[in-house]
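Coordinates in review
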Amino acid sequence: MIFRELTPNHPDIPAVKKLFEESFPENERTMSMDVILANLKLMPIKLLGIYPEETPDTFAGFFLTAEGKTSVYLTYLAICPEQRSGGIGGKAMSAIREYYKGKTLLFSYESPFEESDNAEQRERRRKFHLRNGFYETGWFAKLNGTEFIIACSKEDFDKDEFLSSLASMVPEGAPIPELYRRD
């Protein structure tokens, strides 16, 4: 798997925007792709494109990261529909683990435990992350009325490091969700 840092002028940005809109429900898009692109140089975030080694010019997906001292917060991991079901998501996750070797990976995804129009999609995402070495931390966040599960690549979860990584991805003045545990 090849990762390329994407800038606002990269030729694959139209494909990124289309995939972003198709892959994430509106309530999960905490900011638009235009806002993300505008903040790439202003904030410590990276937009990385995913390209298969066999066809290195074929855009297969993307993800966004904020890297802290000991952890990396991943968000908006998406694979192009025509690339799905061939194991590319798992290969991408393995490559991400290698790319950020030595760092704890943090992720949040929509909770399948609340009623929603995309319950099947939420459960598929949850199973994908658990299958690819993530642990559910027992912590949740609520944003735009949607509950998110906080997951980590190791069993020890550092809440403060997560909040720090998350804060570095949020434009100034935008709300940062509070974490909570369920009773």
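One structure accompanies this document, and this report is about it.

The rules behind each value
Along each chain, numbering runs from 1 in the same order as the chain's sequence is written. Local features in this predicted model are restricted to residues of pLDDT 70 or higher, and side-chain atom pairs are both shown and tallied only at a pLDDT of 80 or more, whereas totals for entire chains, interfaces and linings draw on every residue. Calculated side-chain values reflect all of the structure's heavy atoms, with hydrogen atoms and water omitted. Numbered from the N terminus, helices here are DSSP runs of H or I no shorter than four residues, and strands are runs of E no shorter than two. The globule rule used for comparison is 2.2 Å times the number of residues to the exponent 0.38, while the radius of gyration itself is calculated over C-alpha atoms. Exposure categories follow from relative accessible area, calculated using a 1.4 Å probe and restricted to protein chains: below 20% of the type maximum is buried, above 50% is exposed, and the middle band is partly exposed. Here, two residues are considered to be in contact whenever any of their heavy atoms come within 4.5 Å of each other. Working definition of accessibility: Shrake-Rupley area with a 1.4 Å probe, residue cover restricted to the visible protein chains. By the convention used here, strands pair only if DSSP detects at least 2 bridges between them. Axis angles are defined between N-to-C directions and span 0 to 180 degrees, where every axis is a line fitted to C-alpha atoms and, for a helix, only to the segment in contact.

Side note on the overall build of the chain
Across its full length, the chain carries five helices and eight strands. Ordered by position from the N terminus, the helices and strands of the chain form the series β-α-α-β-β-β-α-β-α-β-β-α-β. Over its C-alpha trace the chain gives a radius of gyration of 15 Å, about what one expects of a compact globule, namely 16 Å for 183 residues. When the backbone C-alpha atoms are referred to their principal axes, the chain occupies close to 50 × 35 × 35 Å. Out of the 183 residues in the chain, the part that is buried amounts to 52%. Expressed as a percentage of contacts within the chain between residues at least 6 apart in sequence, the contacts between residues at least 24 apart total 62%. Accessible surface, the chain as shown: approximately 9,600 Å² in total, 48% of it carbon and sulfur.

Some details on the side chain of Glu161
Mapped onto the elements, Glu161 comes out in helix α5 (residues 159–169). Ignoring any residue separated from it by four or fewer positions in sequence, one finds Glu161 in contact with Gly68, Lys69, Thr70 and Ser71.

Overview of the pairing of strand β2 (residues 45–51)
A large share of β2 lies buried, amounting to six of its seven residues. Of the strand pairs in this sheet, strand β1 (residues 2–5) and β2 are connected by four bridges, and their pairing is antiparallel. Residue pairing across strands places Phe3 opposite Ile50, the latter belonging to β2. In terms of strand pairing, β2 meets strand β3 (residues 61–67) through six bridges, oriented antiparallel. Bridging across to β3, Ile50 finds its partner in Gly61.

Description of the sheet that holds strand β4 (residues 71–79)
To summarise the sheet geometry, strands pair through backbone hydrogen bonds and adopt either a parallel or an antiparallel arrangement. Within the open sheet, the eight strands sit side by side as β1-β2-β3-β4-β5-β7-β6-β8. Their pairing is mixed. Since the sheet does not close on itself, it has two edges, and those belong to β1 and β8 (179–181), each with one partner. Here the strands of the sheet are splayed against their neighbours by 35 degrees on average, with no regard to which way each runs. Taken strand by strand, helix α4 (residues 119–131) contacts β4, β5 (104–110), β6 (135–143) and β7 (146–152), and its axis lies near 165 degrees from that of β5.

Points about the environment of Glu21
Topologically, Glu21 is positioned in helix α1 (residues 13–23). Considered as a pair, Glu21 and Met33 are twelve residues apart in the sequence and their alpha carbons are 8.6 Å apart.

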